[in-house]
Amino acid sequence: MDRLGNLALFLRILEKGGLAAAGRDFGLSPAAVTERLAALEAHYGARLLNRTTRAISLTDEGRVLAEGARDLVSEANDLEARVRLGVEQLSGPIRISAPFDLGRHRVVRALDVFMSVHPEVSVDLSLTDGYVDLVTQGLDLGIRFGNLKDSSLHARKLGNNRRLVCASPAYLERYGVPRHPDDLADHNCLLMRFGENIDQEWPFIVEGKRKIFIVRGNRMANDGELVRHWCCSGHGVALKSFWDIGDDLAAGRVVELLSAFEPPPSSLQIIYPGGRKLPKRVRALIDFLSQEFADEDR
């Protein structure tokens, strides 16, 4: 395997989270993968991975190499596609991360349209509501709520993320309608968990000022789709993005609450690694998603 192949193997180790799993994809034994990795480290004169019995992580030098290696491997794949399929044909893999609800109800729909136009493109969609390191996991782009915090990434706004409080008509008939954020203390609130953090600090605008209200409930999950299901099924009050709950509102499965106290919307964004040239297929998908979400946001 040449150096470009070794770099591709190195990236696969990061994506799979282990040497053995990456080796299976390349048809290599664990010993052969270890040998290839050692050859890369010897060539660059630096340790690339910290390895324990349970996990691997990038060293500083490994992170620099990973960012550059993705450019090299991606450009090689693009070159092969241009020769094989023609300059105008888009082809190759795109790896995407998106939140559960948004991915299932909006992103998949858009990807179906994009792939019908570009059948040589393949998509690997990872759904999670938690933090994702795009570089370490080898992702081309992510779709996320909120503002970008990682300065090593670039962002492109897709639309406004309006969050609203809602509950099913059956729940409200049984437990009453909250008229003020203070009333949430008497209601069962359905909570999202992001890693170790539980989203029980709900923001509202009260008398012109932003105020946080601590809410509680007997159901929490790290899956936004499950929280949406619980809400529609009458198990409690939820704080959801309009992108996720809009269809349920329109169908009458849930009712919006406390709209007079709703805080300003944040952003829905595409994020992608900075400092490198994006493959043509990735740029095309970013442009396509931007247009699709802009049309829905109007």
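Residues numbered from 1 in each chain as written. Predicted model: local features only at pLDDT ≥ 70, side-chain atom pairs only at ≥ 80, totals over all residues. Heavy atoms only, no water.

**Q** Describe the nonpolar core, and please don't skip the residues or the numbers.
**A** Ranked by internal contacts, the top residues of the largest apolar core, which has 24 residues, are Ile94, Leu141, Ile143, Ile270, Leu285, Leu289 and Phe293. Looking at this core, the elements with two or more residues in it are strand E3 (92-98), helix H5 (100-117), strand E5 (141-145), strand E15 (266-273) and helix H9 (280-297). With 6 residues, the top contributor of residues to this core is H9. Every residue in contact with Ile143, bar those within four places of it in the chain, is listed here: Ser97, Ala98, Pro99, Leu102, Val107, Leu158, Leu268, Gln269, Ile270 and Leu289. (Core = buried A, V, L, I, M, F, W, Y, C linked by side-chain atoms within 4.5 Å. Buried < 20%, exposed > 50% of the residue type's maximum accessible area, 1.4 Å probe, protein only. Helix = DSSP H or I, 4+ residues; strand = E, 2+ residues; numbered from the N terminus. Contact = heavy atoms within 4.5 Å.)

**Q** Outline helix H7 (residues 224-232), listing residues and values.
**A** For H7, the set of buried residues is Gly224, Glu225, Val227, Arg228, Trp230 and Cys231. Buried residues belonging to H7 abut H5, strand E7 (163-167), strand E8 (189-194), strand E12 (219-221), strand E13 (237-241) and helix H8 (242-251). Among the residues of H7, the N-terminal cap falls to Asp223, whose side-chain oxygen and the backbone nitrogen of Glu225 are separated by 2.8 Å. Positive backbone phi, at 90°, marks Gly234, one or two positions downstream of H7. (Polar contact = N/O pair within 3.5 Å; in protein donor to acceptor, adjacent residues only side chain to side chain.)

**Q** Let's hear about the pairing of strand E10 (residues 201-206): which residues, and what values?
**A** Here E10 runs beside strand E11 (residues 209-214); their pairing, made up of 6 bridges, is antiparallel. Its bridge partner being in E11, Phe204 is matched across the sheet by Lys211. The loop that links E10 with its antiparallel partner E11 comprises 2 residues; one of these, Glu207, has a positive phi angle of about 55°. (Pairing = 2+ DSSP bridges.)

**Q** Go over the packing of aromatic side chains with me, naming the residues and quoting the values.
**A** Under the criterion given, the structure shown has 4 aromatic pairs. Judged by centre distance (5.5 Å) and plane angle (50°), the rings of Phe114 and Phe288 are tilted. Here Phe114, found in helix H5, pairs with Phe288, found in helix H9; they are 174 residues apart in sequence, far enough to count as distant. Residues Phe114 and Phe288 agree in their burial class; the two are buried. (Phe/Tyr/Trp six-rings, centres within 6.5 Å; stacked < 30°, edge-to-face > 60°.)

**Q** Run through H5, naming residues and quoting values.
**A** Its 18 residues give H5 an end-to-end C-alpha distance of 25 Å, which sits within 8% of 26 Å, the value for a rise of 1.5 Å per residue. The sharpest bend along H5 measures roughly 40° and falls at Val107. For H5, the set of buried residues is Phe100, Asp101, Leu102, Gly103, Arg106, Val107, Ala110, Leu111 and Phe114. (Expected span 1.5 Å × (residues − 1). Bend = angle between axes of the 7 residues up to and from the residue.)

**Q** So, the packing of helix H1 (residues 3-16) against helix H3 (residues 30-44): which residues are in play, and what are the values?
**A** Following both chains from N to C, one finds H1 and H3 inclined at 110°, their axes separated by 10 Å at the closest point. Considering their axes alone, H1 and H3 lie roughly perpendicular with respect to each other. Here the hand of the crossing between H1 and H3 comes out left-handed. On H3, the residues that touch Arg3, Asn6, Leu7, Leu9, Phe10 and Ile13 of H1 are Val33, Arg36, Leu37, Leu40, His43 and Tyr44. Of the residues that constitute the contact of H1 with H3, the class distribution is 8 nonpolar, 2 polar and 2 charged. (Axes fitted to C-alpha atoms, helices over the stretch in contact; angles between N-to-C directions. Parallel < 35°, antiparallel > 145°, perpendicular 65-115°, else oblique. Left-handed = near helix turned anticlockwise from the far one by under 90°. Nonpolar A, V, L, I, M, F, W, Y, C, P; charged D, E, K, R; others polar.)

**Q** Pulling in residues and values, what's your account of the pattern of salt bridges?
**A** This model, assessed by the stated rule, comprises 15 salt bridges. As a salt-bridge pair, Asp25 and Lys16 come within 3.5 Å of each other at their nearest N and O atoms. The exposure class assigned to Asp25 is partly exposed, which follows from its relative accessible area of 39%. The shortest N-O distance in the salt bridge between Glu256 and Arg162 comes to 2.3 Å. Of this pair, Glu256 sits in strand E14 (residues 255-257) while Arg162 sits in the loop between strand E6 (153-161) and E7; the two residues are 94 residues apart in sequence, bridging distant segments of the chain. A relative accessible area of 27% places Arg162 in the partly exposed class. One continuous salt-bridge network, built from bridges that share partners, spans Glu225, Arg228, Asp248 and Arg253. (Salt bridge = Lys/Arg side-chain N within 4 Å of Asp/Glu carboxyl O.)

**Q** Give me the lowdown on the environment of Ala155, citing residues and values where you can.
**A** Here Ala155 lies in strand E6. The partly exposed category is assigned to Ala155, whose relative accessible area is 34%. As a C-alpha pair, Ala155 and Arg12 span 143 residues in sequence and 25 Å in three-dimensional space.

**Q** Outline the packing of helix H2 (residues 19-26) against H3, supporting the account with residue identities and numerical values.
**A** Put simply, H2 and H3 touch, their axes get as near as 9 Å, and they point 100° apart. Here H2 is positioned roughly perpendicular relative to H3, judged by the angle of their axes. On the side of H2, the interface is formed by Leu19, Ala20 and Gly23, while H3 contributes Pro30, Val33, Thr34 and Leu37. By residue class, the composition of the contact of H2 with H3 is 5 nonpolar, 2 polar and no charged.

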